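Secondary and tertiary structure notes
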Amino acid sequence: PVHSSAMLLQHNIRSSGFEERVHIIEAVAWHDHQQQTIYVPSMQDNACLSRSGAVANLQNRKVKEILVDTVVLDEWLEAHQAISDRVRFVKIDTQGHELFVLRGLEHLLSSKRPLLVMIEWDERLMRLAGVVPGDVEALFLRHNFILLESGGDRVYGRDMEL
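Below is a short write-up of the structure. Source: prediction; values computed, not measured.

Conventions and cut-offs
Residues numbered from 1 in each chain as written. Predicted model: local features only at pLDDT ≥ 70, side-chain atom pairs only at ≥ 80, totals over all residues. Heavy atoms only, no water. Pairing = 2+ DSSP bridges. Helix = DSSP H or I, 4+ residues; strand = E, 2+ residues; numbered from the N terminus. Axes fitted to C-alpha atoms, helices over the stretch in contact; angles between N-to-C directions. Core = buried A, V, L, I, M, F, W, Y, C linked by side-chain atoms within 4.5 Å. Buried < 20%, exposed > 50% of the residue type's maximum accessible area, 1.4 Å probe, protein only. Contact = heavy atoms within 4.5 Å. Lys, Arg positive; Asp, Glu negative; His and termini not counted. Salt bridge = Lys/Arg side-chain N within 4 Å of Asp/Glu carboxyl O.

Some thoughts on the sheet that holds strand E1 (residues 28-30)
If you trace the 3 strands from one edge of the open sheet to the other, you get E1-E3-E2, paired in mixed fashion. Of all strands in the sheet, those bounded by a partner on one side alone are E1 and strand E2 (35-40). Adjacent strand axes in the sheet meet at a mean angle of 45°, parallel and antiparallel pairs treated alike. Bridging between E1 and strand E3 (residues 64-72) involves 3 bridges; their strand directions are parallel. What sits directly across from Val28, in E3, is Thr70.

As for the sheet that holds strand E7 (residues 153-158)
Spatially, 4 strands are ordered E4-E5-E7-E6 in an open sheet, and the strand pairing comes out mixed. Across the chains shown, the open sheet's two edge strands, defined by having one partner strand only, are strand E4 (89-92) and strand E6 (146-149). Averaged over all pairs of adjacent strands, the angle between their axes in this sheet comes to 25°, without regard to strand direction. Across 6 bridges, strand E5 (residues 115-120) lies against E7 in antiparallel orientation. Bridge pairing in E7 places Met118 opposite Val155.

Things to note about the nonpolar core
Core analysis: the biggest nonpolar cluster contains 35 residues, and Val117 and Val136 have the highest contact counts within it. Ranked by residue count, the leading element in this core is helix H5 (residues 98-103), at 4 residues. Dropping the residues within four chain positions of it, Val117 is found in contact with Val90, Ile92, Leu102, Leu109, Phe140, Phe145, Arg154, Val155 and Tyr156.

Regarding the side chain of Arg113
Take Arg113: it is sitting in the loop between helix H6 (106-110) and E5. Buried charged residue Arg113 carries no salt bridge. Nearest counter-charge: Asp85, at 4.8 Å.

Quick look at the pairing of E5
Most of E5 sits inside the fold, with 5 of its 6 residues counted as buried. Two strands pair when backbone bridges link them, and E4 and E5 are joined in this way by 4 bridges, in the parallel orientation. Considered in E5, the bridge of Lys91 is made with Met118.

This is the structure in structure tokens:
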């Protein structure tokens, strides 16, 4: 939801010719509807839903607070069916809060379609967000995903031809 970051990303998508295939939702993806405070450090692409996460990630105590509405991605996809039917890849990088976004994607994750999901994997930031890393793994297993790649990012897949 940091407007300047979204505009830069949108510019890069247009420059690459991917505007029909990549969609940016300028909002906080979450598992329910509420207002959240995000904490934006000087490097705006590292905004976080907790002050401690924003500070820990960049070792910088100066952050700007912004109040934003949340979006449940399953509901957004339902309202945008033409896009929803084509989703085969999801990238989530929420500074340790990935589980909360995934809980708002349960319908997509439970569908039988081929799907790849890439998430940032930082156990330190997950713990700061109150997330147990094993809960993220359990969610993917419950929906029949397998771990395809691990490292700084993890890629989980289901029914994909590799």
